[in-house]
Amino acid sequence: MRLRTDDDIYRARLVYLGPPGYTLPVHLPYAQYGLFILLVPLYMFVHWLFTLQVELFPAWEIALAIVTTSFVFRYVDPDRPARMVIRTALTDWRRTREPAAEQRDPRLVGSRIRIREELA
């Protein structure tokens, strides 16, 4: 008797192929489109903070959103969703795991210990 594994679940991806009758040349999961749509306005806002201008066609913002989306989804797999990858990146960026300067352990010195011959 053969047992069916659950590999089909991991292989199945929710992919947007394009409008009916017009298949897109790139097949991306819905999550990548969602992250891209969230990143473009974010990068446009950051650009506006620096220049106080909004461009008609935000080419740099679209390019940065594409690069960021592809970088995030490089680490996404069925066991590690995109929100966990983003959360891990943000927590690792905010604080380091090791202290910047070397810290010495406290020294235990027995200078005030008295040893008596007999017990009281």
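Residues numbered from 1 in each chain as written. Predicted model: local features only at pLDDT ≥ 70, side-chain atom pairs only at ≥ 80, totals over all residues. Heavy atoms only, no water.

**Quick word on the overall build of the protein chain**
A tally of regular secondary structure across the protein chain gives four helices and two strands. Ordered by position from the N terminus, the helices and strands of the protein chain form the series α-β-β-α-α-α. Across the 120 residues of the protein chain, 12% fall into the buried class. Of the roughly 12,000 Å² of accessible surface on the protein chain, a fraction of 61% belongs to carbon and sulfur atoms. (Helix = DSSP H or I, 4+ residues; strand = E, 2+ residues; numbered from the N terminus. Buried < 20%, exposed > 50% of the residue type's maximum accessible area, 1.4 Å probe, protein only. Areas by Shrake-Rupley, 256 points an atom, 1.4 Å probe, with all protein chains shown as cover.)

**A short note on the UniProt feature "transmembrane region" (unreviewed entry) in the protein chain**
Look at the UniProt record and you will see "transmembrane region" (unreviewed entry) annotated at residues 30-50 and 56-76. With 100% helix and 0% strand, residues 30-50 has its two end C-alpha atoms placed 31 Å apart. (UniProt positions renumbered as here; feature names shortened; annotations may be inferred.)

**Quick notes on the packing of helix α2 (residues 30-51) against helix α3 (residues 59-73)**
At a minimum axis distance of 8 Å, the contact between α2 and α3 shows a crossing angle of 135°. In terms of their interaxial angle, α2 and α3 are classed as oblique. By crossing handedness, the relation of α2 to α3 is classed as right-handed. Counting all contacts with α2, which are made through Ala31, Gln32, Leu35, Phe36, Leu39, Val40, Tyr43, Met44 and His47, the residues of α3 involved are Glu61, Ile62, Leu64, Ala65, Ile66, Thr68, Thr69, Val72 and Phe73. Taken together, the residues of the contact of α2 with α3 sort by class into 13 nonpolar, four polar and one charged. (Axes fitted to C-alpha atoms, helices over the stretch in contact; angles between N-to-C directions. Parallel < 35°, antiparallel > 145°, perpendicular 65-115°, else oblique. Left-handed = near helix turned anticlockwise from the far one by under 90°. Contact = heavy atoms within 4.5 Å. Nonpolar A, V, L, I, M, F, W, Y, C, P; charged D, E, K, R; others polar.)

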